[in-house]
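Here are the chains, one letter per residue:
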Amino acid sequence: MNIVLELFVVTFKVLWAFVLAAAKWLVRPKEKSVAGQVCLITGAGSGLGRLFALEFARRRAQLVLWDINTQSNEETAGMVRQIYRELEAGDALRAAGNPVEEEVLPCSNLQVHTYTCDVGKRECVYSTAEKVRREVGDVYLLLNNAGVVSGHHLLECPDELIERTMMVNCHAHFWTTKAFLPKMMEMNHGHIVTVASSLGLFSTAGVEDYCASKFGAVGFHESLSHELKAADKDGIKATLVCPYLVDTGMFRGCRIRKEIEPFLPPLKPDYCVKQAMRAILTDQPMICTPRLMYIVTCMKSILPFEAVVCMYRFLGADKCMYPFIAQRKQATNNNEAKNGI
């Protein structure tokens, strides 16, 4: 093809992509159904992972829950089973009153499966994935959510904690994806969700290991998305979730400038997950919550570094993690004192 003609075609496709993106802002796309589909969530025992599990349960997905904490994972599974029972009771009432207009998956066919898995250990991921394939079946949606934070300044952080942060927040995405992507590729059917962070798009002081791990997760996800496109696997979707600070307690004590905080408060976990679910179920490639994060990311990319530093200092974002780190250090000292260390 003549290069001029090819350039014209590419330009048209780029402009058409802008039109489609604008149309999605004006007209909300229809959400796809995940009823009966096997959805695997890592870090499902608490926080966002638990809320994601409950949202997928309400949509009649068959859930596979992974967490390192067996007890909290079982608690999430109990909540999921309760949702299944409520859906089943609702179905029975509708069936008794009026014929169901739309065929739905009977909730009696839905199950939730729990597995204790340390996603930071490659062998554990692969062995648990094999159990899932054998006991449950092929995974349609993989939601990489598990995450940890050390809460130490770089020079005070033990090497083991740095390695742990990188393994759980970044390397685990490689292991889980390698475990479940081959079948998705074979069927050209699946969805991979990466729960990263706004700190995977821009950084702040005091959490070097966490930022590096989230930047790594974002880079991994973007490269994987391009690989799926290059392989013409359009049936496999990928969604990157980058929320601002979420009020789950993970970064308890983190504070920006008090005059700015009312305009940019920590996100409510329910709101964060509902926004992410909308993006996932409409096959949106990426979502930043709140939308202000898109602007911040763009400005960081085009402004001189010193200008970014000035903005950080004005917002109080340059040392926003310091109170959190101080609290973690105090808690560690208290625990050591109690244990007589």
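Trainee: Any chance you could explain the packing of helix 5 (residues 159–187) against helix 6 (residues 208–230) here in plain terms?
Mentor: Packed helices, taken two at a time, are described by the angle their axes make and the gap between the axes. As a packed pair, helix 5 and helix 6 sit with axes 8 Å apart at the nearest point and diverge in direction by 15 degrees. Here helix 5 is positioned roughly parallel relative to helix 6, judged by the angle of their axes. The hand of the helix 5/helix 6 crossing is right-handed. Contacts from Leu161, Ile162, Thr165, Met166, Asn169, Cys170, His173, Phe174, Thr177, Leu181 and Met185 in helix 5 reach Asp209, Tyr210, Ala212, Ser213, Lys214, Gly216, Ala217, Phe220, Leu224 and Leu228 in helix 6. A per-class count over the contact of helix 5 with helix 6 returns 13 nonpolar, 6 polar and 2 charged.

Trainee: Looking at this structure, I do not really get the pattern of salt bridges. What am I missing?
Mentor: Should their charged atoms come close, side chains of opposite charge can pair. Applying the stated criterion across every chain, the model contains 14 salt bridges. Residue Lys229 is joined to Asp234 by a salt bridge in which the shortest nitrogen-to-oxygen separation is 3.9 Å. Lys229 gets classed as exposed once you look at its relative accessible area, which sits at 55%. Among the ionic pairs, Glu259 bridges to Arg257, the shortest N-O distance being 3.1 Å. Three or more residues joined by partner-sharing salt bridges are found here, namely Glu55, Arg58, Arg59 and Lys274.

Trainee: Would you take a moment to explain empty space enclosed by the protein for this structure?
Mentor: Empty space among the atoms becomes apparent when a probe as large as a water molecule is rolled across them. All chains considered together, the criterion is met by 2 cavities of 30 Å³ or more. In terms of lining, the largest cavity is formed by Tyr244, Leu245, Cys254, Arg255, Ile256, Glu261, Leu264, Pro265 and Pro266. By residue class, the composition of the lining of the largest cavity is 7 nonpolar, no polar and 2 charged. By volume, the second largest cavity amounts to about 30 Å³. Counting residues per element, the lining of the second largest cavity draws most heavily on helix 5, at 4 residues.

Trainee: Sorry, what's going on with the sheet that holds strand 1 (residues 38–42) here?
Mentor: Strand pairing in a sheet relies on backbone hydrogen bonds. The paired strands run either parallel or antiparallel. The parallel open sheet is built from 7 strands, whose spatial order is 3-2-1-4-5-6-7. The open sheet has two edge strands with one neighbour each: strand 3 (112–116) and strand 7 (286–289). When strand polarity is set aside, the average angle formed by the axes of neighbouring strands in this sheet is 15 degrees. Where strand 6 (residues 236–243) meets strand 7, 4 bridges bridge the pair, whose relative direction is parallel. Residue Cys242 lies in a different strand from strand 7, and its bridge partner there is Cys288.

Trainee: Is there a simple way to explain the layout of surface pockets in this structure?
Mentor: Estimated volume of the largest pocket: approximately 1500 Å³. Every residue lining the largest pocket is counted, 36 residues in all, and those nearest its centre are Lys24, Asp283, Gln284, Pro285 and Met286. Among the elements of the structure, helix 1 (3–26), helix 6, strand 6, helix 7 (269–281) and strand 7 are those that each provide at least two residues to the lining of the largest pocket. Looking at which element gives the most residues to the lining of the largest pocket, the answer is helix 1, with 8 residues. Grouping the amino acids of the lining of the largest pocket by side-chain chemistry returns 20 nonpolar, 7 polar and 9 charged.

Rules of the game
- Residues numbered from 1 in each chain as written.
- Predicted model: local features only at pLDDT ≥ 70, side-chain atom pairs only at ≥ 80, totals over all residues.
- Heavy atoms only, no water.
- Axes fitted to C-alpha atoms, helices over the stretch in contact; angles between N-to-C directions.
- Helix = DSSP H or I, 4+ residues; strand = E, 2+ residues; numbered from the N terminus.
- Parallel < 35°, antiparallel > 145°, perpendicular 65-115°, else oblique.
- Left-handed = near helix turned anticlockwise from the far one by under 90°.
- Contact = heavy atoms within 4.5 Å.
- Nonpolar A, V, L, I, M, F, W, Y, C, P; charged D, E, K, R; others polar.
- Salt bridge = Lys/Arg side-chain N within 4 Å of Asp/Glu carboxyl O.
- Buried < 20%, exposed > 50% of the residue type's maximum accessible area, 1.4 Å probe, protein only.
- 1 Å grid on protein atoms, 1.4 Å probe; cavity = no way out; pocket = protein on both sides within 12 Å on 5 of 7 lines; lining within 4 Å.
- Points joined across faces, edges and corners; volume = space filled by probe spheres on them.
- Pairing = 2+ DSSP bridges.

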